[in-house]
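Chain by chain, the residues run as shown.
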Amino acid sequence: MKCPTFAAVVALWGALVLGSLAHASEQGTATRADGFVGCLDAKADTALAGSLCARFSAPLDYADPNRERIELFVRKFPAPGRSAGQVWLVAGGPGESGASFYPLLKTLRAAFPGHDLLVPDHRGTGFSSRLCQKEEAADSEGGASLEGAEWATCFEALESDSKRTRAFTITHSARDLRALMERYSAGRKTWLYGVSYGTQLVLRMMTVAPPRRLDGIVLDSLVPPETTEQWDLSHRSAVVDEVGRAVLAQCDADPACRARLGDSAVAAMQGLVDDPKVSAAVPGGRPKLFFGALLDSPKLRARIPFVLSGLRGGDLEPLRQVEHDMEALGGQFDRFPQSSVSIPLVAVISASENNARPGLTQAQVEAEAARFLFVSSLPGQLVGRTSLAYPRDEWFGRSPAALPPVLVLQGDMDSKTPLAGAQAHLRLLPEAAGVNLFTVKGGPHFLLFTAPDCFKAAVSTFVQKRRAPRATCSL
């Protein structure tokens, strides 16, 4: 008997979850007074045990609420014992669902002790309504991910129904978040956490439609100001290269590390990218891209000199081990049915609001990449996406008029949202309630995941003691 594919299993699982929400009474699960029901998948995965699920109807376009409506999915992890309040967790991306938080519940529980954790899926992601309704459906060929011919038909659908496509904006997502918080918060003590793109979404909500009650905000890996070009997505390779070269410089400053390579780390990396035969041994044959991806993990980043040394001596084992560990690291986030990133949403929002160079060409991308030792794939992915872009609205580039207490957590070796960009953004935010910067020395992106001890210490102090933590922490 032929075993079912992983995609088929995911599709079935996702369909069952959605069915459990739409037909809760048929499953013997009563809808609670707060609007949640028991999640069917909570029985299938111990990581989701005890979670509750809800679906919320929202306008596709808040300027025309009588038009098409979409559904928003939110999962709740109730606090053990009596709840001290709730925390809304806003994922990054754009394109990531709330499933990116599921493997991190232990850290979140320690950082926000005694709080309910509420995890929404942005419109266009996870179990919320998708951009490509047919191709991203749970029962489609690739499940929630695009596969084969679905790529072409999905993007053709985005082009043909441009009015619907252009309703999947940051501002509409911000209004979604506010509506969810108002519906399910019940006036209790409320905290808001956002990471990466999630920080952009949180600040857009605080500008457009702040909730009635919010006790504090935690921003992890704060994005640069929207109006600056230096750190936008089209310049991501420059940001990655700066951090990569800093890692190589640390090796050059360490006599043992330098001796292992027999030369400077910069020269070793340059020799790798200049040698087609050695480059071919790297996954994808693109060493600049592969080594750039290693920068997001402190453990993998620290092994770059060992991999370079192995490649120079013809030993591929360090490379294979790093590749294996990188896959394992990502695998813990891919196990859930709603985990797959929505590439259509990434394309639409990135082209519309996070690309300062809409006329960017592939020749420009390649010319710029030639100067770097480490690169990102994002600049190349922006080329030719302008037809999907929606016009920037009146809220683009604006800052909230007021904020509750805010804690910003930033790594000084973040290759996605650099510390300098976060500092520039902080200067634009209102100061009345207190905006506190907590820097993790050696910290990369997504500190909840990559620096959990620093994260727990800083956030628990901020939430429980109602004061800013000490200014720095080291990995």
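Conventions and cut-offs
Residues numbered from 1 in each chain as written. Predicted model: local features only at pLDDT ≥ 70, side-chain atom pairs only at ≥ 80, totals over all residues. Heavy atoms only, no water. Axes fitted to C-alpha atoms, helices over the stretch in contact; angles between N-to-C directions. Helix = DSSP H or I, 4+ residues; strand = E, 2+ residues; numbered from the N terminus. Parallel < 35°, antiparallel > 145°, perpendicular 65-115°, else oblique. Left-handed = near helix turned anticlockwise from the far one by under 90°. Contact = heavy atoms within 4.5 Å. Nonpolar A, V, L, I, M, F, W, Y, C, P; charged D, E, K, R; others polar. UniProt positions renumbered as here; feature names shortened; annotations may be inferred. Core = buried A, V, L, I, M, F, W, Y, C linked by side-chain atoms within 4.5 Å. Buried < 20%, exposed > 50% of the residue type's maximum accessible area, 1.4 Å probe, protein only. pLDDT = per-residue confidence, 0-100.

A. Looking closely at the packing of helix α9 (residues 265–274) against helix α13 (residues 304–312). Interaxial distance between α9 and α13 falls to 10 Å at its minimum, and their mutual angle equals 55 degrees. Classified by the angle between their axes, α9 and α13 sit oblique to one another. Here α9 and α13 pass one another in a crossing that is left-handed. Contact with α9, carried on its side by A265, A268, M269 and L272, involves L308, L311 and R312 of α13 and no other residues of that element. Split by residue class, the contact of α9 with α13 holds six nonpolar, no polar and one charged.

B. Focus on the packing of helix α11 (residues 287–294) against helix α14 (residues 317–331). Remark: α11 packs on α14, axes separated minimally by 11 Å, with the N-to-C direction vectors making an angle of 55 degrees. Here α11 is positioned oblique relative to α14, judged by the angle of their axes. The handedness of the crossing between α11 and α14 comes out as left-handed. Counting all contacts with α11, which are made through F290, A293 and L294, the residues of α14 involved are L319, V322, E323 and M326. Here the residues of the contact of α11 with α14 are counted per class, giving six nonpolar, no polar and one charged.

C. Focus on the UniProt feature "domain: AB hydrolase-1" (unreviewed entry) in the protein chain. According to UniProt, the positions carrying the feature "domain: AB hydrolase-1" (unreviewed entry) are residues 89–231. The annotated region residues 89–231 carries 34% helix and 13% strand content, and the separation between its end C-alpha atoms amounts to 25 Å.

D. Quick peek at the nonpolar core. W88, Y184, L192, I217 and L219 are the most contacted members of the largest nonpolar core, which has 49 residues in total. Apart from residues lying up to four places away in sequence, L219 is in contact with G194, T199, V202, L203, V406, L407, V408 and L409. Membership of the second largest hydrophobic core comes to 41 residues, among which are V119, Y193, L407 and L409.

E. Up close: the confidence of the model for the protein chain. The predicted model of the protein chain has a mean per-residue pLDDT of 90, with 93% of residues at 70 or higher. No element of the protein chain has a lower mean pLDDT than helix α1 (residues 6–22), which averages 38, and none a higher one than helix α6 (residues 197–208), which averages 98. Below pLDDT 50 for its whole length, residues 1–28 participates in 34 contacts with residues either more than four positions away or in separate chains.

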